[in-house]
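So the chains spell out like this:
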Amino acid sequence: MKSGFVGIVGRPNVGKSTLLNSILGEKIAITTEKPQTTRNTIRGIYTHYADGEGKDSVFDDDVQMIFIDTPGIHKPRNKLGEYMTDAAIGTFSEVDLIIFITDSKLSKGPGDKYICDLLEKADAPIILVINKIDKMTPDEYAEIYKEYDELGIFENILGTAAKEGTNVQDVINAAVEYMDEGPMYFPDDIVTENPARFIVSEIIREKILLYLQDEIPHGVAVEIEQYEEGDNITRINAVIYCERKSHKGMIIGKGGRKLKGIGKSAREEIENLLGTKVYLETWVKVRENWRDSAIALSNFGYKD
């Protein structure tokens with residue numbers, strides 16, 4: 001069997017989590033149009049056998065790749081931002097292959113240049129994925145390709161539209177080439193090592209991101225206080241923390257309508273995930289400046 005670890009890195013909102021979900025054919029990482037949606041590293045487990053049928057039968061060996069989706073690398077403004085960026089950069093030394101994702105020219109801003117400077121020091125081979133090619137003209141894609149290719153640090157450069165699934169199999173095939181003979185790290189019937197409790201909290205946070213605007217979602221954390229699985233129903237109590245009293249009112253909404261909408265949307269997706277009925281209760285509490293509190297970050301799971 002060929003096996004190994006693959007880090008997926010890049011700026012916020014370039015499509016890292018979307019690519020991971022597309023590779024697995026299943027949603028394990030939340031995605032929104034808002035930057036910094038991903039806060040934790042999330043492991044997705046891709047396992048396929050050489051004697052499989054369909055598109056995956058192209059492999060000559062059994063394969064298990066653990067893809068690590070990382071927070072977007074950005075200039076931190078608080079301790080949470082520092083944790084997120086450190087978690088992403090720390091992945092460089094822990095993987096057998098790095099997939100660097102971009103969606104724009106290197107010369108457009110300093111973000112990608114900063115990441116490329118860091119990647120030059122990485123020991124692992126690097127594949128560049130130019131994402132969102134469905135929103136580019138062929139000439140625009142060629143210009144982006146040329147700029148990055150001239151850096152001379154990429155083993156391969158591929159174009160994808162991860163949201164549509166375009167060329168995602170090409171990324172998988174390219175990654176396999178850098179895997180060595182190794183063990184099966186995880187059973188072949190799981191796609192993530194993250195517990196259901198964590199995924200549930202992320203689903204709730206995703207709905208908050210989708211329902212709210214501007215800065216408020218970045219100051220929100222979700223803590224699961226109760227998670228009880230019964231024969232026919234799973235009972236979940238979740239607390240949504242925000243940083244200001246005014247934000248609490250916005251999350252709840254007039255007559256509680258916004259919070260009800262968040263809860264209903266989250267409950268429906270959680271039921272699909274768990275395959276059971278779900279009873280979900282949500283509360284909103286204020287914890288001022290939690291993003292700069294080491295204790296709060298640890299309590300909410302943002303820790304090394």
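Quick caveat, the model's predicted, so the values are computed rather than measured.

Description of the sheet that holds strand β8 (residues 221–229)
Here is step 1 of the chain: As summarised here, the arrangement of the three strands in space is β8-β9-β10, forming an open sheet in which the pairing is mixed. Two strands in the sheet have a free side with no partner beyond their single neighbour: β8 and β10 (277–286). Mean inter-strand twist for the sheet, computed between neighbouring axes without regard to direction, equals 15 degrees.
Here is step 2 of the chain: In this structure, strand β9 (residues 233–242) lies alongside β10, joined through ten bridges in parallel fashion. In the sheet register, T234 faces β10, and the bridge partner there is V278.
Here is step 3 of the chain: Its contacts with the sheet place helix α7 (residues 245–252) against β9 and β10, and it is angled at close to 155 degrees to β10.
Here is step 4 of the chain: The strands touched by helix α8 (residues 257–274) within the sheet are β8, β9 and β10, with β10 carrying the most contacts at an inclination of about 140 degrees.

With respect to the side chain of T70
Here is step 1 of the chain: By secondary structure assignment, the location of T70 is in the loop between β3 (63–69) and α2 (79–90).
Here is step 2 of the chain: On the accessibility criterion, T70 (0% relative accessible area) is buried.
Here is step 3 of the chain: Among the polar contacts listed, one links the side chain of T70 to the backbone oxygen of I8, at a separation of 2.7 Å.
Here is step 4 of the chain: Setting aside anything within four residues of it in sequence, one finds T70 in contact with I8, V9, K16, T38, T41, A88 and T91.

Regarding the packing of aromatic side chains
Here is step 1 of the chain: For the coordinates displayed, the defined rule picks out nine aromatic pairs.
Here is step 2 of the chain: Look at F5 and Y185: their rings are 4.9 Å apart centre to centre, the planes differ by 65 degrees, and that puts the pair in the edge-to-face class. Highlighted residues: F5 in strand β1 (residues 2–10) and Y185 in the loop between β7 (180–181) and α6 (196–211), separated in sequence by 180 residues.
Here is step 3 of the chain: A relative accessible area of 16% places F5 in the buried class.
Here is step 4 of the chain: Judged by centre distance (6.2 Å) and plane angle (20 degrees), the rings of W290 and Y302 are stacked. In this pair, W290 sits in the loop between β10 and α9 (294–299) while Y302 sits in the segment after α9, placing the two residues twelve residues apart along the sequence.
Here is step 5 of the chain: For R235, the ring lying beneath its charged end belongs to Y279, and the centroid distance is 5.5 Å.

Overview of the pairing of strand β4 (residues 97–102)
Here is step 1 of the chain: Burial within β4 is extensive, with six of its six residues counted as buried.
Here is step 2 of the chain: Burial along β4 is two-sided: L97, I99 and I101 and I98, F100 and T102, pointing in opposite directions, are all buried.
Here is step 3 of the chain: Pairing of β1 with β4, which is carried by five bridges, proceeds in the parallel orientation. For G10, the partnering residue across the bridge sits in β4 and is I101.
Here is step 4 of the chain: In this sheet, strand β5 (residues 126–130) lies alongside β4 in parallel orientation, the contact comprising five bridges. Bridge pairing links I101 to V129 in β5.

Rules behind the numbers
Residues numbered from 1 in each chain as written. Predicted model: local features only at pLDDT ≥ 70, side-chain atom pairs only at ≥ 80, totals over all residues. Heavy atoms only, no water. Pairing = 2+ DSSP bridges. Helix = DSSP H or I, 4+ residues; strand = E, 2+ residues; numbered from the N terminus. Axes fitted to C-alpha atoms, helices over the stretch in contact; angles between N-to-C directions. Contact = heavy atoms within 4.5 Å. Buried < 20%, exposed > 50% of the residue type's maximum accessible area, 1.4 Å probe, protein only. Polar contact = N/O pair within 3.5 Å; in protein donor to acceptor, adjacent residues only side chain to side chain. Phe/Tyr/Trp six-rings, centres within 6.5 Å; stacked < 30°, edge-to-face > 60°. Lys NZ or Arg CZ within 6 Å of the ring centre and 35° of its normal.

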